[in-house]
Structures are given as C-alpha cells and as structure tokens.
Amino acid sequence: MNRQHRRKITSIVYLSFGLMLAAYLLLDAISDGMHLYQSPSELVNTSAGNVYIGGKVLEGSVHHKETQYQFSITDGDNTVPVIYKGTLPVMFKEGKDTVIRGEMVSGTVKAYQVLAKHDEYYQVEE
Amino acid sequence: MIMLFSPNFYIPFCHNVQKYIRPLLYISIPVLTIWVLMAVPNDQAQGGIFRIIYIHVPMAIAALSLFIIVAIMSALSWVFHIKVANWIASVSAKVGAFCTLITLLSGAYWGYYTWGDWWVWDARLTSMLMLFFIYLAYIIIDQAAERYLISKQALLVVSVIGVIDIPLIHYSVIWWQSLHQTSTLLNLSNHTMPWEMLWPLIASIAMCALAIVTFISYAILKRVNRYESSAS
C-alpha cells in the first residue's frame, strides 16, 4: 500500500459518495412518479385524463356481453368501475390483482389494456 | 487475500474446476432440466408457465451478483494492477450481460403468458434494462481500453453507477407499486413456495453459480495461455 494506491482508493471513495448523492437526489425527485399504477382511493376524485390504476377485481362485479367487459376494481376503501373491450389475460380473475391502463371518463375507467398481477406465492396444483 | 490473486493459486484452481466441476455439470444440468420439465408440479394460479422461474431467478441473481464482482475486480485491477482481477472483471462483465439479457427475455416470455404483456415500464423491469445498458457500456469501454492500451479509469465510473443500480433493482418492487411480484426466496418464512418446487429452484441457482465459475475459470485459463505465448 503505497502513496499511489492510497490516492486511487481515495478517488474511488469520493466518486462513490458523489454518485450516491446524485442517485439519492435523482430518486428523491422522481420517486413519486416511479409507481406503475395508482390505487382506486388515489384516483376516485379524478374525473378525466389517462390513468394507470391497480387493485383487486371486486368479486361478483365482472359482467360481459361478448368481448365487452364491465367490472370494478377496489382497494378495500374505494371502488372504481372499468369498461373494457377486448380479450382479458388468462390470469384475470375475480378477487385477484389487476393493473389497468386507460382513460378516466366521468368516474369510469375506459381501459386500453388490462394486465393480471400475480403474487409471490406458489402452490401445487390440485 | 493477496494469495488468491497469485498465479500459483488461481491456475491450479482453474484447472481443478475444469477437471472436477465441469463433468459434474454435464450430468447434473440435463438431469435437473428433465426433472423441472417432467416432475415439478404445476402452479395453482399460473399452471406450467411458472417453470420459467427455474431459469429467470438464477439468471437474475447471477446478473446482480456478477456486477458486484465486476466492480470489485475492476477497482482492484485499477488500484493494484492485478492482472487476473482485470481478466475476471472483463469476463464477468460479458457473462453478466448475457445473464441480464436472459433474465429480460425469460421475464418477457413469462410476463406475456401471465400478465398479458411482454413489456411494461415497471420500475423493476426498467432498472434491470438499465443494468443491461450499464453492462454494455462497461464491455465497450473495456474493449476500447484493451485495444488502444489506454487506462481503464473510466470503468470505475461505470462500475459505481452499476453498483448503485443493484439495490435499486432489488428494492424497486418494495418502494414502488409495480406489476412485478416481490421476492419469493426472501419471504420463505411465510410459506411462499412448497418444498417440491423450492428445492429444484435452489438446485438450479447452485448449478447456475457452478456453471458461471466453470466458464470464468475456462476463460481465465485461455487468457493465461495467450498472455504466456505473447510474453515468450
């Protein structure tokens, strides 16, 4: 460990701290926008605009006429109705989580895309 | 510690890995593949497609841990001019980039059949894509430095940025609401996975680690030969 080694190690330490500080400031600034979706409670007062909304599909709320679907998503406190025309992913089920990209039109989400969210639990098929 | 970087240690070590671990992998990887495809039960919610986990998770763990190795080795090589650290760093960067790519591709395939889309700009997916680009930047700068015999100082900046990205990838599903599920393996105390699905996963992670060690040691031996033939 001579003088040159020490100089290089010091510069790595300074570089790390500098970039860590920069990363912290960057993340602190963009953190609120990093959520992929918002919950029904956060969006219940929104009346217009594009939204990414996620939550549980309310049990017993799914109705469809051919490929025209109508259902509600909930986070326990608030419920938002969704209409969607198209095919749903296979794992889309009542009581399971979903993420929806769509447009809010007077309190109802007109969905462009419906995604199924699955959790980290695995079970052997019966 | 210094001993590990001495040719008297690592050359016989690499030869032993080739001699003992490599034949073991030739048997155990096909056996494990057949076991995963034939004997592991389907998942209740996802069905057969969940078996992607046996390639996705080992590759993701490898991609993240290889970058830590790349960063440590490039720092050691820059500060102390350790030849083998330089070799390990540049080989690990290539292997790590490959693992990141496989993670992204297998994840896209998995997501297509479970989520309903192959790509979403989710924090987890985006930070993993960032890691892939950081690996590519590392490889390009490393090769340019080798070719034009210039200092690898710039690699330290890429390394530190990548090391900062790694906790970001890990915590992205905890800090932010995302489509990607949280970790199964770090939540085993809540019975996230039954044993008959879990042990092949642990085995595939171990196999993957051994395969990477074998590949890196093979590449190191090739570089030793090239170095010795150019020196003589």
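Residues numbered from 1 in each chain as written. Chains lettered and ligands numbered in written order. Predicted model: local features only at pLDDT ≥ 70, side-chain atom pairs only at ≥ 80, totals over all residues.

Caption draft 1: Local environment of the overall build of chain B. Scanning chain B from N- to C-terminus turns up six helices and zero strands. Starting at the N terminus and ending at the C terminus, chain B contains elements arranged as α-α-α-α-α-α. Its C-alpha atoms give chain B a radius of gyration of 19 Å, near enough to 17 Å, the size a compact globule of 232 residues would have. Principal-axis analysis of the C-alpha atoms gives chain B an extent of 60 × 40 × 30 Å. Counting the 232 residues in chain B, one finds 33% classified as buried. (Helix = DSSP H or I, 4+ residues; strand = E, 2+ residues; numbered from the N terminus. Rg over C-alpha atoms; globule rule 2.2 N^0.38 Å. Buried ≥ 20, exposed ≤ 12 C-beta atoms within 10 Å, placed from the backbone.)

Caption draft 2: Quick look at the packing of helix 2 (residues 53-80) of chain B against helix 6 (residues 195-231) of chain B. Residue and element names in this part refer to chain B. Contact geometry of helix 2 with helix 6 gives a least axis separation of 9 Å together with a crossing angle of 45°. On the basis of their axis angle, the class for helix 2 and helix 6 is oblique. Seen along the crossing, helix 2 lies across helix 6 with a hand that is right-handed. Every residue of helix 6 that contacts helix 2 at I53, Y54, V57, P58, M59, I61 and A62 is listed here: P200, L201, S204, I205, C208 and I212. In the contact of helix 2 with helix 6, the residues fall into twelve nonpolar, one polar and no charged. (Axes fitted to C-alpha atoms, helices over the stretch in contact; angles between N-to-C directions. Parallel < 35°, antiparallel > 145°, perpendicular 65-115°, else oblique. Left-handed = near helix turned anticlockwise from the far one by under 90°. Contact = placed C-beta atoms within 7 Å. Nonpolar A, V, L, I, M, F, W, Y, C, P; charged D, E, K, R; others polar.)

Caption draft 3: Representation of the interface of chain B and chain A within the structure. At the junction of the two partners, chain B supplies 37 residues and chain A supplies 31 residues. Elements with a contribution of two residues or more to the side of chain B that touches chain A: helix 2, helix 5 (153-175) and helix 6 of chain B. Ranked by residue count, the leading element in the side of chain B that touches chain A is helix 5 of chain B, at five residues. A breakdown of the residues in the side of chain B that touches chain A according to their chemical character gives 20 nonpolar, 13 polar and four charged.

Caption draft 4: Structural detail: helix 4 (residues 123-148) of chain B. All names here are of chain B. End to end, helix 4 covers 37 Å across 26 residues, agreeing with the expected 38 Å (1.5 Å per residue, within 8%). Buried within helix 4 are the following residues: A123, R124, L125, M128, L131, I134, Y135, Y138 and D142. One or two steps after helix 4, the chain reaches L149, where phi turns positive at roughly 50°. (Expected span 1.5 Å × (residues − 1).)

Caption draft 5: Spatial organisation of the domain arrangement of chain A. In terms of domains, chain A is made up of domain 1 (3-33) and domain 2 (36-116). Computed over C-alpha atoms only, the centres of domain 1 of chain A and domain 2 of chain A are separated by 41 Å. (Domains from an automatic or database assignment.)

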